[in-house]
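Understanding the architecture of this molecule
Single-letter residue listing:
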Amino acid sequence: LLKTLEEPPEHVIFILATTDPQKLLPTIISRCQRFDFSKIKNEDIKNHLLDVANKEGVTLEEEAAEKLAILADGGMRDSLSMLEQAIAYTSGNITNDAINEIYGLASVSEKIKFLKALHRSQKPYDKQGLSSRESLALAPIRKYRFLALP
């Protein structure tokens, strides 16, 4: 490989792409031009997802597209993969609630309810009006109840 990189044929262009450049040998890196790509803005990802959904005839709520963009953490390919999963899961009608369900995300009200349940640890958890997902999240705390807030 090193010999080929040092003296490549005139008609050949090598493109070496990696997410871990620190694992490449210094002798390889010294013979390459390096381009570090930055993350794509959430707004750009959201707009692209909305455009793709529209072209595919899929209903995608703007709030759901925004949440997918945040989950993708700057990666367009990841956001498109998540959109495909959401399409398959929802049969083409993607709502914010569906994204929360698919990726196990809790709403602000669910988080507040969960924290209040932790704070009221004197009562049995199943009698505090929690949903099944919240109740499952509390299962480890039930086991180690002595760690809960008084």
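Residues numbered from 1 in each chain as written. Predicted model: local features only at pLDDT ≥ 70, side-chain atom pairs only at ≥ 80, totals over all residues. Heavy atoms only, no water.

As for the pattern of salt bridges
What counts here: What makes a salt bridge here is a side-chain nitrogen of Lys or Arg within 4 Å of a carboxyl oxygen of Asp or Glu, nothing more. Here a helix means four or more residues in a row that DSSP labels H or I, a strand means two or more in a row labelled E, and each is numbered from the N terminus. Three labels apply to residues, based on accessible area from a 1.4 Å probe with only protein chains included: buried if under 20% of the type maximum, exposed if over 50%, partly exposed otherwise in between.
Applying the stated rule across the entire model yields six salt bridges. As a salt-bridge pair, K39 and D73 come within 3.1 Å of each other at their nearest N and O atoms. With K39 in the loop between α2 (26-29) and α3 (42-55) and D73 in the loop between α4 (62-72) and α5 (76-90), this pair connects stretches of sequence that are 34 residues apart. With a relative accessible area of 54%, K39 lands in the exposed category. E62 serves as the salt-bridge partner of K46, at 3.0 Å between the closest nitrogen and oxygen. One end of the pair, K46, is in helix α3; the other, E62, is in helix α4, with 16 residues separating them in the sequence.

Quick notes on the side chain of S79
Short version of the rule: Contacts are assigned to residue pairs with any non-hydrogen atoms lying within 4.5 Å of each other.
Tracing the backbone through its elements, the reader meets S79 in helix α5. Residues within four places of S79 in sequence aside, it is in contact with I45, L49 and A72.

So, the nonpolar core
Convention followed: Take the buried residues of types Ala, Val, Leu, Ile, Met, Phe, Trp, Tyr and Cys, join any two whose side-chain atoms come within 4.5 Å, and each joined set is a nonpolar core.
L49, L60, L68, L83, I94 and I99 are the most contacted members of the largest nonpolar core, which totals 16 residues. Every element with two or more residues in this core is listed here: α3, α4 and α5. If sequence neighbours within four positions are ignored, L68 has contacts with L49, L60, M82, L83, I99 and Y103.

Describing α3
This is how it is decided: Working rule for helices: expected span equals 1.5 Å times residues minus one. Relevant arc is that of directions from the helix axis to the C-beta atoms, nothing else.
Taking 1.5 Å per residue, 14 residues should reach 20 Å; α3 reaches 20 Å between its end C-alpha atoms and fits that length. When we look at burial in α3, the residues that qualify are I45, K46, L49 and A53. Buried residues of α3 fall within an arc of 100° about the axis and therefore sit on the same side. Summarising the geometry of α3, the exposed residues directed more than 90 degrees from the buried face are N54 and K55. Those residues of α3 hidden inside the fold are in contact with β1 (59-60), α4 and α5. Backbone geometry just downstream of α3 places G57 in the positive-phi region, at approximately 75°.

Remarks on the environment of M82
Mapped onto the elements of the fold, M82 is located in helix α5. By relative accessible area, which is 12% here, M82 ends up buried. As for M82 and L68, which are separated by 14 residues in sequence, their C-alpha atoms are 7.0 Å apart. Filtering out sequence-adjacent residues up to four positions away, M82 remains in contact with L68, L71, A72 and Y103.

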